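Notes for the structure review
In case you want the letters, here they are:
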Amino acid sequence: MPPKNKSETGSNALWGGRFEAGPDALMERINASIAFDKRLYAQDIAGSMAHAAMLVKQGIVSAEDGDAIRGGLETVLEEIESGRFEFKASLEDIHMNVEARLAELIGPAAGRLHTARSRNDQAVTDFRLWIRDAIDRLDRGLRAFQAVLIERAEAEADTIMPGFTHLQTAQPVTLGHHLLAYVEMMGRDRGRLADCRRRLNECPLGAAALAGTAFPIDREATASALHFDRPTANSLDSVSARDFAMEALAAGTILAVHLSRLADELVIWTSAQFRFVALSDAFSTGSSIMPQKRNPDAAELVRGKAGRVLGAFNGLVVMMKGLPLAYAKDMQEDKEPVFDAFETLELSVGAMRGMIADMTVNRDAMCAAAGSGFSTATDLADWLVRSLDLPFREAHHVTGRIVRAAEEAGCDLADLPLEAMQAMEPRITTAVYDVLGVENSVASRTSFGGTAPDNVRAAATAARDKYL
C-alpha cells in the first residue's frame, strides 16, 4: 500500500535522490509559495535569462543550449502573460514552475540553467527586482499626486481657512499653504524610497546557496544585465539579508501615515460640523438605511489601510529578528507582506490623488471658521510688540486679557470696542484693527515658508521645479 497521507511516492522532482517518499499533503500546503510568489514571474525569467547568457559567455553552457534556454523562457513568459500557463502547487514556487515548464519545452538543456546558482540567490534576486519595480511605480504615483496637490494649492492660494493646533483654531492660514505641506511630506517619502532603492540595487545572483560557487561565473555581467549597480559583496549576506525589504516597508509605513493624516482631515472637513470640502460622487458612498448620508469612505479606507502597511512592516521585522545566517525557510514569509503593502500603498496614493483632484472647496465656510476662536490673537500680540515696543511676553499677557474680555462680551477681537482694549493697554489705537481681520493676518505672514498668498504661489512654483 502507498504511504498514508502522502501526496506522492518515489524521489521528489525538486529535491533529487535524497528522499524516497514524497511530502505529506499538509507539508505541501505549508511549503508551497506559488500562490503568491507567482507575481515574481517576470523578474524570475529576467534573472534566468541573464544567468543563462552569462553561463554561455563564460563557456559553462554551450551556445546551443543557451539559445534553447532563452527561447524556452520567452515562451514561458508569453504563456504566463497570456493566461495559458498552469501554475502547480506541487512544484512549490515560481522558480520550479518556470523550470519544470522549460524542461517540457526544450528537454534536458533546461537542467543546465540552474548551474552555479541556488534557489536562495535566485529568490532574493527576484525579490530585489520586484521591490525595485514597485518603488518605481509608487514613485510615479507620488509624483502625480504631488502634481495634483500643487495645482490645487495654486488655485486655493487665497482661500483662507483656520490653521489648527490640538484641533483647536490657532491662526488663519490658506488652503494652498495647507496642501503644500503634504507636497513636502510626499517629497520626503519619495526621498526615503529613492534611498532604499539605491541601497537594494545590488545583485545577489551568483552567491548560490550561501558560499558562492566553484564555477568561473561573471557576477558583474549578470548584475549589469539586470540593471543593478553592482553585485553584492558577501555570499552569506547576499542570501541572508532582508533589510532592503524592511527598509522599503519602513518607508512605506511613513508614507501610509502621511496619507492617513490627510485622509483624516478630509473626513473631518467633509463633516456637517465643518463643511469645508465635499468629495465627488466618485469617492463617496451612501447609507443603506439613512438616505441623507454622504460618507467619505475612500478617505476612511486610506486611513484604515495605514494600519495594514504598518502590520506588514512589524510582521517582517519580527520574522527576521531571530534568524541566524544564512537562509532559513522562515524567509518564505517575507514576500506576502511586501506584496500586500506596496499594492495597498499604490491604491491609497491613487485614491488620495483622485479625492484631492475632484473635491469641491467651500471657501465661505473655511473663511468664517478662520475668524472664529480668536484666531488673530497672535497678530494682536505681534502688533503690540511692533507698535508699542512691548516685550513679547508682556504683549502675550495683554492679549490674553483682551481675549478674555472679548469672550465675556461674546464677540470676536475685531468687534471688541477700542475702549475695552485700552482698559488693558491705554496706548492701543484704532490702527490695531488693521491686523485683526483674517485677510490681513494671512497677508502679513510673508516670512519664508509662511502662508501669505504670494508666498504660496511662489512656493508652488518652487515645488513644481523641485519635484515634477
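Residues numbered from 1 in each chain as written. Predicted model: local features only at pLDDT ≥ 70, side-chain atom pairs only at ≥ 80, totals over all residues. Heavy atoms only, no water.

Moving on, we come to the overall build of the chain. Along its length, the chain carries 18 helices and 6 strands. For 468 residues, the compact-globule formula gives about 23 Å, and the C-alpha radius of gyration of the chain, at 31 Å, lies well above that figure. For the chain, with 468 residues in total, the buried portion stands at 47%. For the chain, contacts bridging at least 24 residues in sequence account for 73% of all contacts bridging at least 6. Charged side chains in the chain number 50 positive and 65 negative. The centres of these two groups are separated by 2 Å. (Helix = DSSP H or I, 4+ residues; strand = E, 2+ residues; numbered from the N terminus. Rg over C-alpha atoms; globule rule 2.2 N^0.38 Å. Buried < 20%, exposed > 50% of the residue type's maximum accessible area, 1.4 Å probe, protein only. Contact = heavy atoms within 4.5 Å. Lys, Arg positive; Asp, Glu negative; His and termini not counted. Charge placed at Lys NZ, Arg CZ, Asp CG, Glu CD.)

Mapping threonine 125 onto the fold places it in helix α6 (residues 119-155). Through-space distance from the C-alpha of threonine 125 to that of tyrosine 327 is 14 Å; in sequence the pair is 202 residues apart. Threonine 125 has contacts with Cys203, Pro204, Leu205, Leu226 and Phe228, leaving out every residue within four places of it along the chain. At 2.7 Å, the side chain of threonine 125 and the backbone oxygen of aspartate 121 are in polar contact. (Polar contact = N/O pair within 3.5 Å; in protein donor to acceptor, adjacent residues only side chain to side chain.)

A few words on unusual backbone geometry. With an omega of 10 degrees, the peptide bond running from leucine 325 to alanine 326 counts as cis. Structurally, alanine 326 is set in the loop between α11 (297-320) and α12 (335-358). For glutamate 92, which is not glycine, the phi torsion reads 70 degrees and is therefore positive. With respect to the element layout, glutamate 92 can be found in the loop between α4 (63-82) and α5 (94-106). Here glutamate 92 falls in the buried class, since its relative accessible area comes to 7%. Unusually for a residue other than glycine, histidine 166 sits at a positive phi of about 60 degrees.

What follows concerns the layout of surface pockets. In this structure, the largest pocket encloses a volume near 410 Å³. Along the walls of the largest pocket sit 19 residues, with Gly163, Phe164, His178, Tyr182 and Glu265 positioned nearest its centre. Residue assignment for the lining of the largest pocket shows that the elements contributing at least two residues are β1 (160-165), β2 (168-174), α7 (175-200) and α10 (243-269). Class assignment for the residues of the lining of the largest pocket results in 11 nonpolar, 5 polar and 3 charged. (1 Å grid on protein atoms, 1.4 Å probe; cavity = no way out; pocket = protein on both sides within 12 Å on 5 of 7 lines; lining within 4 Å. Points joined across faces, edges and corners; volume = space filled by probe spheres on them. Nonpolar A, V, L, I, M, F, W, Y, C, P; charged D, E, K, R; others polar.)

This part takes up the pairing of β2. Within a regular strand, the side chains alternate between the two sheet faces. The sheet contact formed by β1 and β2 spans 6 bridges and is antiparallel. Across the sheet, the residue bridging to methionine 161 is valine 173, located in β2. Linking β1 back to β2 in an antiparallel pair, the connection comprises 2 residues, with histidine 166 at a positive phi of about 60 degrees. (Pairing = 2+ DSSP bridges.)

A few words on the environment of glutamate 220. With respect to the secondary-structure elements, glutamate 220 resides in helix α8 (residues 219-225). The sequence separation of glutamate 220 and glutamate 92 amounts to 128 residues, and the corresponding C-alpha distance is 30 Å.

A surface patch of nonpolar side chains, about 270 Å² in accessible area, is lined by Leu210, Leu236 and Leu325. Within the secondary structure layout, leucine 325 lies in the loop between α11 and α12. Judged by its relative accessible area of 63%, leucine 325 is exposed. (Patch = residues over 30% accessible without salt bridge, like charges linked within 9 Å, V, L, I, M, F, W, Y side chains within 5 Å. Areas by Shrake-Rupley, 256 points an atom, 1.4 Å probe, with all protein chains shown as cover. Salt bridge = Lys/Arg side-chain N within 4 Å of Asp/Glu carboxyl O.)

For the rest of this paragraph, the subject is the state of the cysteines. Throughout the structure, instances matching the rule amount to 0 disulfides. Of the cysteine sulfurs around cysteine 196, a residue in no disulfide, the closest is that of cysteine 203, at 16 Å. (Disulfide = S-S within 2.5 Å.)

With that settled, consider the packing of α7 against helix α18 (residues 453-467). Interaxial distance between α7 and α18 falls to 10 Å at its minimum, and their mutual angle equals 20 degrees. Regarding the angle of α7 to α18, the classification is roughly parallel. For the pair α7 and α18, the crossing hand works out as left-handed. Judged by residue contacts, Gly176, His177, Leu180, Val183, Glu184, Gly187 and Arg190 of α7 engage Val456, Ala459, Ala460, Ala463, Lys466 and Tyr467 from α18. Its residues assigned to classes, the contact of α7 with α18 shows 7 nonpolar, 3 polar and 3 charged. (Axes fitted to C-alpha atoms, helices over the stretch in contact; angles between N-to-C directions. Parallel < 35°, antiparallel > 145°, perpendicular 65-115°, else oblique. Left-handed = near helix turned anticlockwise from the far one by under 90°.)

So, on to α11. End to end, α11 covers 35 Å across 24 residues, agreeing with the expected 34 Å (1.5 Å per residue, within 8%). Buried within α11 we find Ala298, Ala299, Val302, Ala306, Val309, Ala312, Leu316, Met319 and Met320. Among the structural elements, α9 (235-240), α10 and α12 are those in contact with the buried residues of α11. (Expected span 1.5 Å × (residues − 1).)

Bringing the confidence of the model for the chain into the picture now. The predicted coordinates of low-pLDDT regions are not to be read in fine detail. Of all residues in the chain, 93% attain a pLDDT of 70 or more, and the chain-wide mean is 92. Confidence drops under pLDDT 50 across residues 1-11; counting only partners more than four residues distant or on other chains, this segment forms 23 contacts. (pLDDT = per-residue confidence, 0-100.)

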